[in-house]
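# Architecture at a glance
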Amino acid sequence: MQDRTYTEDAEPGDDVTVAGWVHEVRDLGGIAFLILRDATGKIQVKFEKDEMDDDLVETGLDVARESVIRVSGSVEEEPRAPTGVEVTPEELEVVSEADPELPLDPSGKVDAELSTRLDNRTLDLRKGEVQAIFEIRAEILRAVRKEFRAFRATEITTPKIVATGTEGGTELFPITYFGEEAFMNQSPQLFKQLIAGSNVERVFEIGPIFRAEEHNTPRHLNEATSIDFEGAFCDAHDAMDVAEGIVKAAYEAVNENCSEELEALGLEDEFEVPEGDFPRISYEEAIERINATGELDEQLVWGDDLPTEAEKALGDDVGGHYFITDWPSEIKPFYIKDHDDDEQLSTGFDLMHPRMELVSGGQREHRNEHLIEGFEQQGLDPEQFEYYTKMFKYGMPPHAGFGLGGERLIMTILGLDNIREAVLFPRDRQRLSP
Ligand code: ATP
Ligand code: AMO
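Owing to the predicted nature of the structure, the values given are computational and were not obtained by experimental measurement.

## So, the pairing of strand S17 (residues 356–363)
The element S17 is largely enclosed, with a buried count of 6 among its 8 residues. Pairing of strand S16 (residues 349–353) with S17, which is carried by 5 bridges, proceeds in the antiparallel orientation. Note on S17: the bridge partner recorded for Leu351 is Val359. Hairpin connection between S16 and S17: a loop of 2 residues separates the two successive antiparallel strands. Sheet topology places S17 next to strand S18 (residues 399–405); 5 bridges connect them, and they run antiparallel. The residue of S18 that forms the bridge with Ser360 is Gly403.

Right, dumping it as structure tokens:
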């Protein structure tokens with residue numbers, strides 16, 4: 001690493017070399033200031049024109065905003081400086097000059113459209129509030145990993161290039177794999193089950209999922225980060241306990257470790273960790289409550305999937321996170337187990353934030369003959385899934401798990417309007433680069 005001091009570590013009395021981006025230059029006549037910004041903050045560089053070398057002053061004041069510079073000098077206390085200290089430069093080097101025509105303003109004084117921001121992510125990330133989102137994202141993923149370890153789960157990674165889809169045929173991205181048809185994986189579903197059926201027992205994965213969804217909404221991506229769990233000898237309620245623990249751990253970590261970032265986002269006063277247990281509402285009760293709100297033009301009947309306005313009505317009614325349990329079997333995938341005493345009723349559950357669905361999960365069908373029947377009922381060819389079903393012949397324990405949308409978690413925790421704000425380089429219908 002090149003020898004330099006982070007701006008946050010520059011203390012009065014030090015001789016330092018700081019390096020970073022030119023945030024702003026303010027020329028007041030006899031005196032001028034340059035604000036230098038790096039990953040840790042900002043520092044003021046002072047130019048007293050009569051007392052300093054002309055070349056040095058000229059270089060410092062002519063440099064375009066967002067150029068990269070390196071400054072060596074002494075640090076002094078200065079209460080009027082933004083951070084209480086300033087550097088009097090002895091040397092100043094322009095390391096990389098910026099074009100003065102910037103496509104967006106990293107100081108944030110001029111708002112930019114989301115698409116302009118995403119096309120220029122490097123410049124966009126120079127804004128404190130944008131950097132804060134990704135610092136918080138990293139902290140959430142750290143906390144999630146730690147929490148899974150506390151549940152004795154082992155982190156795995158599974159293939160993203162696969163021969164068969166699991167979450168519905170229309171959402172698959174086809175690719176060519178050495179002349180054969182293959183797909184980008186929609187979910188680690190089958191792989192995580194195969195490993196939960198080994199002695200490893202409990203697994204988690206944080207990785208990309210690919211969905212060829214045609215629609216363009218503020219909460220769908222075509223490449224998203226899924227936080228998956230699967231545990232042997234777990235039922236749906238155990239999996240709900242883990243999902244609830246993971247979501248709460250994420251909020252707690254942000255609350256405890258991200259105060260500066262919350263401040264950068266203006267959330268320091270309103271940020272709240274969810275309290276109490278998340279209610280577990282059966283699908284049947286959910287549709288009754290939704291119908292009772294009178295918010296829907298048409299009453300829901302048993303067997304309907306919940307449209308977005310129904311989720312919203314129930315979310316407003318409940319007022320916090322909640323589970324919807326015991327969904328009708330026919331609207332849940334083949335791998336979800338039905339209740340033993342009622343095969344119309346599945347063990348599938350969703351965890352909802354008032355704004356949107358965060359998690360889907362359930363207990364899995366672990367009985368080989370029932371699994372084969374389930375494939376047939378959903379019009380899938382069990383032979384294509386032989387690599388999966390055959391392992392159910394050699395001792396498959398009951399197991400359960402879930403998938404949690406990573407970006408939806410970040411989006412709901414921070415109240416972001418658009419899921420694209422929670423990804424560095426989002427993939428959507430219109431966006432394949434950068
Ligand atoms: P699924 O794909 O099975 O619905 P999901 O995991 O993608 O599950 P969501 O996307 O939150 O979870 O749930 C689907 C919801 O999205 C449905 O309630 C549906 O009404 C809504 N939805 C789907 N397409 C659109 C769209 N183009 N605009 C707005 N809402 C949509
Ligand atoms: P599901 O398809 O419901 O379930 O996905 C699980 C969670 O992933 C998130 N998610 C998405 N986020 C952004 N953009 C998308 N296009 C998108 N699609 C899904 C949501 C959703 O709740 N195999 C099951 C999980 C399981 O049963 O373990 C599955 O994939 O937050």
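## Digging into the UniProt feature "binding site: L-aspartate" (unreviewed entry) in the chain
Annotation from UniProt places "binding site: L-aspartate" (unreviewed entry) at Glu167, Arg211, Ser360 and Arg364. Counting through the fold element by element, Arg211 comes out in the loop between strand S10 (202–210) and strand S11 (223–232). In this view, Arg211 contacts Glu167, Glu171, Phe173, Gln186, Ser187, Leu221 and Asn222; residues no more than four positions away in its chain are not counted. Polar contacts involving the side chain of Arg211 include one to the main-chain carbonyl oxygen of Gln186, which spans 3.0 Å. With relative accessibility at 29%, the residue Ser360 sits in the partly exposed group.

## So, the site of ligand 2
Looking at ligand 2, there are 22 residues lining it, with Gln189, Lys192, Leu221, Glu357 and Arg364 nearest. Take Glu213: an N or O atom from its side chain is 3.1 Å from a nitrogen atom of ligand 2. Between ligand 2 and Gly405, the relevant distance is 3.2 Å, taken from an oxygen atom to a main-chain nitrogen or oxygen of the residue. Protein burial of ligand 2: of its 620 Å² of free accessible surface, 93% is covered by the chains. Mapped onto the shell around ligand 2, the elements with two or more residues apiece are helix H5 (189–196), S17 and S18.

## Observations regarding a negative patch on the surface
Judged by side-chain charge, Glu8, Asp9, Glu11, Glu260, Glu263, Glu268, Asp269, Glu270, Glu272 and Glu275 come together as a negatively charged surface patch. Structurally, Glu270 is set in the loop between helix H7 (259–264) and strand S12 (280–282). Judged by relative accessible area, Glu270 falls into the exposed class, the value being 56%.

## Brief notes about the sheet that holds S10
Here 8 strands make up an open sheet; going across it, the order is S6-S10-S11-S18-S17-S16-S13-S12 and the pairing mixed. Of all strands in the sheet, those with a lone pairing partner are strand S6 (154–155) and S12, marking the two edges. Across 9 bridges, the pairing between S10 and S11 is antiparallel. Each residue of the ladder has a partner; that of Ile206, found in S11, is Ile227. Packing of helix H9 (residues 308–318) onto the sheet brings it into contact with S12, strand S13 (322–325), S16 and S17, and relative to S13 it is tilted by some 130 degrees. The strands that helix H12 (residues 406–414) touches are S11, S16, S17 and S18; relative to S17, the one it contacts most, it runs at about 135 degrees.

Conventions used here
Within each chain, residue numbers correspond to sequence positions counted from 1 in written order. All chains are assigned letters beginning at A, and all ligands numbers beginning at 1, according to the order in which they are written. Two thresholds apply to this predicted model, a pLDDT of at least 70 for residue-level local features and 80 or more for giving and counting side-chain atom pairs, whereas whole-chain, interface and lining totals are computed over all residues. Excluded from the side-chain calculation are hydrogens and water; included are all heavy atoms of the structure. Partly exposed residues are those whose accessible area sits between 20% and 50% of the maximum for their type, while under 20% is buried and over 50% is exposed, using a 1.4 Å probe and protein chains only. The helix and strand labels rest on DSSP assignments: H or I over at least four residues marks a helix, E over at least two residues marks a strand, and numbering proceeds from the N terminus. For two strands to be treated as a pair, DSSP must find at least two bridges joining them. UniProt positions are given in the numbering used here, feature names are shortened, and annotations may be inferred rather than shown by experiment. Contacts were defined at the residue level, with two residues in contact if any of their heavy atoms lie within 4.5 Å. For the purposes of these results, a polar contact is taken to be a pair of N or O atoms within 3.5 Å, where, inside protein, one atom must be able to donate a hydrogen and its partner to accept one; residues adjacent in sequence count only when each atom of the pair is a side-chain atom. Throughout, near means a residue has at least one heavy atom within 4 Å of the molecule or strand. Under the convention used here, a 1.4 Å probe and the Shrake-Rupley method define accessible areas, while residue burial counts only the protein chains that appear. Two distance rules govern patches: like charges are joined within 9 Å, and nonpolar side chains (Val, Leu, Ile, Met, Phe, Trp, Tyr) within 5 Å, applied only to residues with over 30% relative accessible area and no salt bridge. Definition used for salt bridges: Asp or Glu carboxyl oxygen within 4 Å of a side-chain nitrogen of Lys or Arg. Just so you know, the count uses Lys and Arg for positive and Asp and Glu for negative, and it drops His and the chain ends. Where a charge lies is defined by one atom per residue type: Lys uses NZ, Arg uses CZ, Asp uses CG and Glu uses CD. Only the contacting stretch of a helix is used when fitting its axis, a line to C-alpha atoms as for every element, and angles between N-to-C directions run 0 to 180 degrees.

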